[in-house]
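Geometric and topological summary
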Amino acid sequence: MSSNTSKYYGANGVHRVPLWRIGGFALNNTATNLYLFLMNYVAYYLGGFAGVATVTASSFAMMMRIWDGVTDPFIGYVVDKTNGKFGKNRPFMVIGNVILLVMSFIMYHVTHLLPENNALRFGFFIVIAAVYYVGYTFQCVVTKSAQSCLTNDPKQRPLFAVFDGIYNTFLWTGFAILAARLLERHTTPDLDGILTTGFYHDMWLIVAILSAIFTAIAVISIAPKDRTEFFGTGKAVKVGLKDYWETLKGNRAIQMLVVSASTDKLASSAKTSAVTIVLFGVVAGNFALNGTLTGFVSIPSTILLICGVAGLATTLGQRKAMLIGSWGEIIVCGLLSVLWIFGDPTSMNGADGGLRWGYFAILYVILSIAQGGFQGVAGNIVIPMTADCADYEVYRTGKYVPGMMGTLFSFVDKIISSLAPMVAGLMFAAIGFKDQLPNASTPYSTSLLYVSVFLAYGMIILGCLCNVVALKFYPLTKEKMESIQAEVAAIKAKAMKKSA
């Protein structure tokens, strides 16, 4: 063990890290989520500048997510085989972010400049997007694979979810407000609500700069822990493609986590930007209210997230924290569905176009705060739980395969969640929106109300019910993880004693 890494070790083989490094590394996930937000508007871009119909545009998103998932196992395998002077994880963070920056620029700045041939533009976009998603996987896999070397302290590991939840809350809140302002600025009423290229140019510039900064901070934060001393048993272990199948077959923890998190992701992803536009722009009659109300919800939700992770995950364990978060979401999303269907969302509109406080607005804010808190706990705890699964594999087989764990999880997660845009597109198409998604100028109808409420809240209820069932078979309780860490520490101590 080198002198510059021994300071991170505590008793019984437990290794920790300064809190600021956990917070700094969590920005790696925020860096990729920024691009995820940017891609939320891809259907509008394809419809406006490549002449792609609603269902086709939604199918494109599904197709690219499947491609993204298919590349996951191969990239995970490369990560597990990598261990150079720049570490195991950092090369993929840097290379991935560069690919994201370049490919997203080409997608949104070049496609519409091609000759006015829809097939040509769409084909070009698909090729560039395929490379884009390879970069996305490069950087995303590290968020999960580096968890096990960042810290193995059961009380410290869940804290990643606190930082990640805080960052995501401010990201989605800030960008919801930003998107509302940019939509007002760049929407062309004379073209039936189609966005101009200026919207994508402005959004890309902001995303690219912030993502690059966050990636740099994350690279610096993980640097001292991205070393062999913190990988599994503390020594290099050869892994082959055969190990992937053996892990998938024998690791019940990752199996159940995949089922739980992927169905949850499918549900939450069904609330696309089009759904939000319908709820506030059409049903409530004022899309700007979304940004205003989100501002009221974000900070209290973040506080609930912090309390939930700090009070539940660090004391009861990550499994119980996710279970409580899932049941909370089921209840709150049911109440929100009832509120939108039987309440009067138009009562939120003030005389000057601003927010008017009434029973609907008050109940919406209270319930949305609760949903944000429960969703933050159930959703964000998944990433550090993959580290538990990686430690469980070391305990089971002695194999340290964090890249495989992260990408195995991501593979199934992306394949299933890729259906979300298509589900939304098909449901809107079923009520008459076959060629173009509804926008803020679309007339109100009860069918739009029911579809948007189901996509926004009903899908989440179904996803959380899947969580509850899967967690019944998830073996890594708090007590089990404590025994696993003790066993892995003993294996590591024995290996280090032999090498001394």
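Everything numeric here is computed off the predicted structure, so don't read it as measured data. (Residues numbered from 1 in each chain as written. Predicted model: local features only at pLDDT ≥ 70, side-chain atom pairs only at ≥ 80, totals over all residues. Heavy atoms only, no water.)

Now for the overall build of the protein. On a plain count of helices and strands, the protein comes out with 20 helices and 2 strands. A burial count over the protein gives 57% of its 500 residues as buried. Sequence separation of 24 or more characterises 85% of the internal contacts of the protein that already satisfy a separation of 6 or more. (Helix = DSSP H or I, 4+ residues; strand = E, 2+ residues; numbered from the N terminus. Buried < 20%, exposed > 50% of the residue type's maximum accessible area, 1.4 Å probe, protein only. Contact = heavy atoms within 4.5 Å.)

Here we come to the side chain of T215. Topologically, T215 is positioned in helix 9 (residues 197–222). Looking at T215, its side chain comes within polar contact range of the side chain of Q139, at 2.9 Å. What T215 contacts, discounting residues up to four positions off in sequence, is A31, M93, N97 and Q139. (Polar contact = N/O pair within 3.5 Å; in protein donor to acceptor, adjacent residues only side chain to side chain.)

It is worth spelling out the nonpolar core at this point. Core analysis: the biggest nonpolar cluster contains 148 residues, and F25, M203, F280, W340, Y364, F428 and Y474 have the highest contact counts within it. In terms of residue count, helix 19 (residues 446–471) provides more of this core than any other element does, 14 residues in total. In this view, F280 contacts G285, N286, F287, L289, N290, L293, W340, M348 and Y364; residues no more than four positions away in its chain are not counted. (Core = buried A, V, L, I, M, F, W, Y, C linked by side-chain atoms within 4.5 Å.)

Evaluated as defined, the whole model comprises 16 aromatic pairs. Here F163 and Y167 contribute two aromatic rings whose centre-to-centre distance is 6.3 Å and whose plane-to-plane angle is 40°, an arrangement assigned as tilted. Placement of the pair is F163 and Y167 together in helix 8 (residues 159–186), with a separation of 4 residues, close to one helical turn. With a centroid separation of 5.9 Å and 80° between ring planes, the pair formed by F280 and Y364 is classed as edge-to-face. (Phe/Tyr/Trp six-rings, centres within 6.5 Å; stacked < 30°, edge-to-face > 60°.)

Should the charged atoms of two oppositely charged side chains come close, the side chains can pair. Tallied over the entire structure, the rule returns 5 salt bridges. Residues R157 and D388 are paired through a salt bridge, measuring 2.8 Å at the closest nitrogen-oxygen approach. Residue R157 is located in the loop between helix 7 (147–150) and helix 8, and its partner D388 is located in helix 16 (residues 382–397); the two are separated by 231 residues in the primary sequence. Exposure remark for R157: the relative accessible area of 3% places this residue in the buried category. (Salt bridge = Lys/Arg side-chain N within 4 Å of Asp/Glu carboxyl O.)

The next thing to look at is the side chain of S211. In this fold, S211 is placed in helix 9. If we skip the residues at most four places from it in the chain, S211 touches A31, L34, Y35 and N97.

Where nonpolar side chains cluster on the molecular surface, the patch consists of F86, V94, V98 and V102 and spans about 300 Å² of accessible area. Residue position: V102 is located in helix 5 (residues 90–109). (Patch = residues over 30% accessible without salt bridge, like charges linked within 9 Å, V, L, I, M, F, W, Y side chains within 5 Å. Areas by Shrake-Rupley, 256 points an atom, 1.4 Å probe, with all protein chains shown as cover.)

With that settled, the discussion passes to the state of the cysteines. Applying the stated criterion across every chain, the model contains 0 disulfides. C464 forms no disulfide, and the closest cysteine sulfur to it belongs to C333, at a distance of 6.5 Å. (Disulfide = S-S within 2.5 Å.)

Extensive coverage of helix 3 (residues 42–49) is indicated by the burial of 6 of its 8 residues. Those residues of helix 3 that sit buried are V42, A43, Y44, Y45, L46 and F49.

The contact between helix 14 (residues 318–342) and helix 15 (residues 359–380) brings their axes to 8 Å, and the two run at 155°. Overall, the two elements helix 14 and helix 15 adopt an arrangement that is roughly antiparallel. Remark: the crossing between helix 14 and helix 15 carries left-handed chirality. Of the residues contributing to the contact of helix 14 with helix 15, the split by class is 17 nonpolar, 6 polar and 1 charged. (Axes fitted to C-alpha atoms, helices over the stretch in contact; angles between N-to-C directions. Parallel < 35°, antiparallel > 145°, perpendicular 65-115°, else oblique. Left-handed = near helix turned anticlockwise from the far one by under 90°. Nonpolar A, V, L, I, M, F, W, Y, C, P; charged D, E, K, R; others polar.)

We now examine the environment of A43. Relative to the helices and strands, A43 is located in helix 3. A relative accessible area of 18% places A43 in the buried class.

Let us look at the packing of helix 14 against helix 19. To describe two helices that pack against each other, one gives the angle between their axes and the distance between the axes. Remark: helix 14 packs on helix 19, axes separated minimally by 9 Å, with the N-to-C direction vectors making an angle of 160°. With respect to helix 19, the axis of helix 14 lies roughly antiparallel. For the element pair helix 14 and helix 19, the recorded crossing hand is left-handed.

Looking now at the environment of A176. Along the chain, the position of A176 falls in helix 8. When the C-alpha atoms of A176 and T294 are compared, they prove to be 7.7 Å apart, with 118 residues separating the residues in sequence. Not counting chain neighbours up to four residues away, the residues in contact with A176 comprise F37 and N290.

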